[in-house]
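Each chain is listed here by its residues.
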Amino acid sequence: MCGIVGYVGKNKAAPLILEGLKRLEYRGYDSAGVAVWQDGGFTVAKKIGRVANLEPEVAKLRLSSSYGMGHTRWATHGGVTDANAHPHVSSDGKIALIHNGVIENYASIKKFLAAKGYTFKSETDTEVLCNAIAYHYAKEPAPGDPTESRFVTAVRKTLRHAEGTYGIVVMAVDAPGELVTARKGSPLILGIGDGESLVASDVAAIVSRTQNVVYLKDGEVAHLTPKNFTITTLAAADVSPVIDKVTWSISDAELNGYAHFMEKEIFEQPQALENTMRGRFSEDGSTAQFGGLNISANEFRSYERFQFLACGTALHACMVTEHLIERFARVPVECDYASEFRYRNTPLDPNTLFFTMSQSGETIDTLAAMREAKRKGYKVLAVNNVVGSTIAREADGGIYQHVGPEVGVASTKAFTSQLLIGAMLALYIGRMRDLSFSDGTEIVQALKGAPDLVRTALKQADHIRGIARRYAHHRDMLFLGRMTLFPVALEGALKLKEISYIHAEGYPAAEMKHGPIALISEHCPSVFFVSSGEMFNKVVSSMQEIKARKGQIIAVCTDGCKLPEGLADEVIPIPECHEAVLPIVATIPVQLLSYYIAVELGRDVDKPRNLAKSVTVE
Ligand code: F6R
């Protein structure tokens with residue numbers, strides 16, 4: 001949610017922190033702030049709006065310190081104001097803090113601290129936590145104690161009383177060159193550089209300095225100095241850290257000539273799909289194989305149900321996967337919003353295998369639902385893009401997407417990669433059951449051809465940009481499809497509303513007549529997904545119902561469809577393809593349509609209002 005970066009080293013901290021914050025801005029962009037240790041105290045600059053608003057403030061301060069931290073905020077407690085922006089400094093001036101998460105019992109802690117004379121300038125739970133650390137820091141019996149342990153101890157003591165979630169970085173005024181950082185429910189990664197140490201909520205802020213990283217776990221507290229780092233638990237037990245190597249480089253997280261990350265990521269999809277499927281087909285070319293499932297083929301075969309949990313775009317990918325597994329493997333599949341599943345206490349078949357899908361691997365609703373399933377004794381496999389993310393680490397096994405960093409807030413390449421993994425899973429499970437060798441090889445061939453079909457679909461970009469110009473002024477739009485194209489319709493509507501702020505709804509095409517048809521007029525166009533095959537005539541009937549009510553129609557249509565003359569106002573052709581690949585290819589036009597409409601309307605495509613890339617609060 002919020003972006004966090006901390007630096008202790010030999011270089012000037014402020015420019016490095018600002019660079020890191022820019023790379024993290026997609027995580028939250030209500031306000032931003034920096035604190036450095038300088039001349040025996042903290043120098044703090046914070047400002048509502050983007051990191052670009054903060055830069056001149058920081059420049060004025062001429063900061064030379066090499067210790068500091070910065071934050072981009074996605075507001076939870078308290079409005080978007082300079083005062084509520086992070087970092088916060090305790091009222092005794094001793095502690096500075098940045099925080100991602102929510103401290104649920106902040107009100108009682110605040111009351112306690114107020115009675116002790118601590119004062120508050122903001123409405124945030126973070127300032128309360130900051131003063132609580134200052135309180136414990138002041139109370140420690142200092143004589144004989146090294147400053148370092150006093151600092152770490154104060155953070156530990158505070159966190160033992162904190163309910164909720166946090167990823168924090170703390171500085172103490174009498175501990176220059178030291179950062180203390182801790183997490184529960186919010187990701188934090190340590191960067192181990194040459195004479196410098198970093199901490200960030202995302203590798204994107206670290207990777208320009210070092211590729212050696214340590215993924216901090218829940219309940220761990222790290223102490224960083226330029227040349228050293230130690231990790232302990234909240235109970236003060238030592239932890240032996242594992243240093244991982246990040247496999248992507250900084251150019252993966254740069255625009256490389258594109259106007260927006262969303263545009264870059266849309267056009268990266270052929271390569272992203274190739275990366276997702278690399279090495280994942282069996283030698284005989286009839287099924288898929290996955291390295292990290294940690295479940296034998298025999299055990300896999302024994303499951304009689306699959307339950308998928310996810311949020312947002314990832315849930316749409318699960319819905320397509322449900323359809324394909326049921327079709328290829330004839331095993332019942334359920335999909336649920338992770339946030340609903342967690343509290344609904346659904347009766348479950350004991351022979352159920354769970355899957356979660358999450359690009360970030362940090363979405364708190366998905367993580368909590370996974371933990372709930374595991375608590376009930378179920379195995380959970382995770383499909384994630386971010387390597388080492390919390391969900392990936394806590395799952396029993398899983399499948400990495402390997403599509404590189406997705407920076408645009410609106411998910412694009414991660415979605416089509418999830419669709420591909422879903423189709424490969426359906427093939428894998430199908431081939432363990434009744435799906436024949438020849439059906440298997442046909443599906444493998446179709447999936448291998450997906451990158452080229454996506455390249456063909458991308459060639460419609462200019463045509464789609466023209467359509468976008470003609471339709472950008474509308475205030476409502478419907479997206480309608482059937483079977484696997486219904487979740488694609490949901491995804492099209494989600495893409496459009498999140499980046500253009502046009503109200504859009506996705507529906508099964510036939511369901512439209514049970515209510516949404518009331519919205520249809522010349523002011524509410526519909527995007528239809530039309531493919532040749534069993535549903536063609538039925539979808540055409542739905543289109544006719546719209547046309548009869550003066551609704552304009554944009555048809556995303558496979559080449560083989562012969563639409564009645566004049567039925568669609570706009571046609572976006574896509575190549576004919578196998579049903580396992582169709583949802584991937586049909587997604588491309590609606591990604592482009594949403595993107596070009598948002599550009600036409602002058603929206604901030606990569607950082608749409610009120611959103612954040614990974615949602616780590618409930
Ligand atoms: C929409 C979008 C969100 C995410 C959702 C889950 O474009 O990106 O709907 O799909 O927040 O995120 P992950 O996949 O990281 O769990």
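Structure's up top.
Let me sum up the structure you'll find in this document. For clarity, every value in this text was computed on a predicted model and none was experimentally measured.

**A few points about the sheet that holds strand E13 (residues 229-233)**
Phase 1 of the analysis: Read from one edge to the other, the open sheet built from seven strands follows the order E5-E6-E7-E8-E12-E13-E14, with strand pairing classed as antiparallel. Looking at the sheet topology across the chains shown, the edges are occupied by strand E5 (88-89) and strand E14 (238-239).
Phase 2 of the analysis: Examined bridge by bridge, E5 and strand E6 (residues 95-100) share two bridges and lie antiparallel to one another. Counted as the bridge partner of His 88 is Leu 97 from E6.
Phase 3 of the analysis: Its contacts with the sheet put helix H4 (residues 125-139) on E5, E6 and strand E7 (166-172), and the angle it makes with E6 is roughly 140°.

**Considering the state of the cysteines**
Phase 1 of the analysis: Applying the stated criterion across every chain yields a total of zero disulfides.
Phase 2 of the analysis: We note that Cys 561 lacks a disulfide partner, and the nearest cysteine sulfur, in Cys 557, lies 4.1 Å from it.
Phase 3 of the analysis: Lacking any disulfide linkage, Cys 577 is separated from the closest cysteine sulfur, that of Cys 561, by 11 Å.

**What to know about unusual backbone geometry**
Phase 1 of the analysis: Omega for the peptide link from His 86 to Pro 87 comes to 0°, which places this bond in the cis form.
Phase 2 of the analysis: Along the chain, the position of Pro 87 falls in the loop between strand E4 (67-73) and E5.
Phase 3 of the analysis: Residues other than glycine seldom take positive phi values, yet Arg 62 does so here, at roughly 45°.
Phase 4 of the analysis: Non-glycine residue Met 483 carries a positive phi angle of around 55°.
Phase 5 of the analysis: For Met 483, the location among the structural elements is in the loop between strand E21 (476-481) and helix H17 (485-500).

**Topic: the site of the ligand**
Phase 1 of the analysis: Ser 358, Gln 359, Ser 360, Thr 363 and Glu 498 are the nearest of the 14 residues found near the ligand.
Phase 2 of the analysis: For the ligand, an oxygen atom lies 3.4 Å from a polar atom in the backbone of Val 409.
Phase 3 of the analysis: Glu 498 is positioned with one of its side-chain polar atoms (N or O) 2.5 Å from an oxygen atom of the ligand.
Phase 4 of the analysis: Among the elements of the structure, helix H9 (312-329) and H17 are those that each provide at least two residues to the shell around the ligand.
Phase 5 of the analysis: Counting contributing residues, the shell around the ligand receives three or more from each of domain 2 (255-448) and domain 3 (454-610).

**Some remarks on the packing of helix H13 (residues 413-432) against helix H19 (residues 582-600)**
Phase 1 of the analysis: Between H13 and H19, the shortest axis-to-axis distance is 10 Å and the interhelical angle comes to 170°. Looking at the two axes, H13 sits roughly antiparallel to H19. Crossing geometry of H13 relative to H19 is assigned as right-handed. Across from Phe 415, Thr 416, Leu 419 and Leu 420 in H13, the residues of H19 making contact are Pro 583, Ile 584, Thr 587, Ile 588 and Gln 591.

**Quick notes on the environment of Val 5**
Phase 1 of the analysis: Tracing the chain through its elements places Val 5 in strand E1 (residues 3-8).
Phase 2 of the analysis: With 344 residues separating them along the chain, Val 5 and Asp 349 place their C-alpha atoms 44 Å apart.
Phase 3 of the analysis: Setting aside residues no more than four positions away along its own chain, Val 5 makes contact with Ile 17, Gly 20, Leu 21, Leu 24, Met 69, Gly 70, Ile 98, Val 199, Ala 200 and Ala 205.

**Section: the pattern of salt bridges**
Phase 1 of the analysis: Across all of its chains, the model carries 29 salt bridges by this definition.
Phase 2 of the analysis: Across the pair Lys 47 and Asp 82 runs a salt bridge whose closest N-O atoms are separated by 3.9 Å. Of the two residues, Lys 47 is situated in strand E3 (residues 41-48) and Asp 82 in the loop between E4 and E5; the sequence distance between them amounts to 35 residues.
Phase 3 of the analysis: What makes Lys 47 partly exposed here is its relative accessible area of 26%.
Phase 4 of the analysis: Taking the relative accessible area as the measure of exposure, Asp 82 reaches 32% and is therefore partly exposed.
Phase 5 of the analysis: One salt bridge connects Lys 495 with Glu 491, and the closest N-O pair in it is separated by 2.6 Å. Placement of both Lys 495 and Glu 491 in helix H17 is noted, with a separation of four residues, approximately one turn of the helix. Of the two residues, Lys 495 and Glu 491, neither departs from the other in class, the shared state being buried.

**Looking at the sheet that holds strand E11 (residues 212-215)**
Phase 1 of the analysis: Strand order in the open sheet formed by eight strands is E3-E2-E4-E1-E10-E9-E11-E15, with antiparallel pairing between adjacent strands. What marks the edges here is a single partner per strand, and that holds for E3 and strand E15 (244-245).
Phase 2 of the analysis: The pairing of E11 with E15 spans two bridges and is classified as antiparallel. From the neighbouring strand, Asn 212 faces E15, where its bridge partner is Lys 245.
Phase 3 of the analysis: Helix H1 (residues 13-24) rests against E1, strand E2 (31-38) and E4 of the sheet, and its axis sits at about 155° to E1.
Phase 4 of the analysis: Sheet strands in contact with helix H2 (residues 51-61) are E2, E3 and E4, and its direction is about 150° off that of E3.

**A look at H2**
Phase 1 of the analysis: Every buried residue of H2 is accounted for by Val 51, Leu 54 and Val 58. Buried residues of H2 fall within an arc of 55° about the axis and therefore sit on the same side. Along H2, exposed side chains directed more than 90 degrees from the buried face belong to Ala 59 and Lys 60.
Phase 2 of the analysis: Those residues of H2 hidden inside the fold are in contact with H1, E2, E3 and E4.
Phase 3 of the analysis: Among the residues trailing H2, Arg 62 stands out with phi positive, at a value near 45°.

Conventions adopted
- Residues numbered from 1 in each chain as written.
- Predicted model: local features only at pLDDT ≥ 70, side-chain atom pairs only at ≥ 80, totals over all residues.
- Heavy atoms only, no water.
- Pairing = 2+ DSSP bridges.
- Helix = DSSP H or I, 4+ residues; strand = E, 2+ residues; numbered from the N terminus.
- Contact = heavy atoms within 4.5 Å.
- Axes fitted to C-alpha atoms, helices over the stretch in contact; angles between N-to-C directions.
- Disulfide = S-S within 2.5 Å.
- Near = heavy atom within 4 Å.
- Polar contact = N/O pair within 3.5 Å; in protein donor to acceptor, adjacent residues only side chain to side chain.
- Domains from an automatic or database assignment.
- Parallel < 35°, antiparallel > 145°, perpendicular 65-115°, else oblique.
- Left-handed = near helix turned anticlockwise from the far one by under 90°.
- Salt bridge = Lys/Arg side-chain N within 4 Å of Asp/Glu carboxyl O.
- Buried < 20%, exposed > 50% of the residue type's maximum accessible area, 1.4 Å probe, protein only.
- Arc of directions from axis to C-beta.

Bear in mind that shape data such as this cannot, by itself, settle questions of function.
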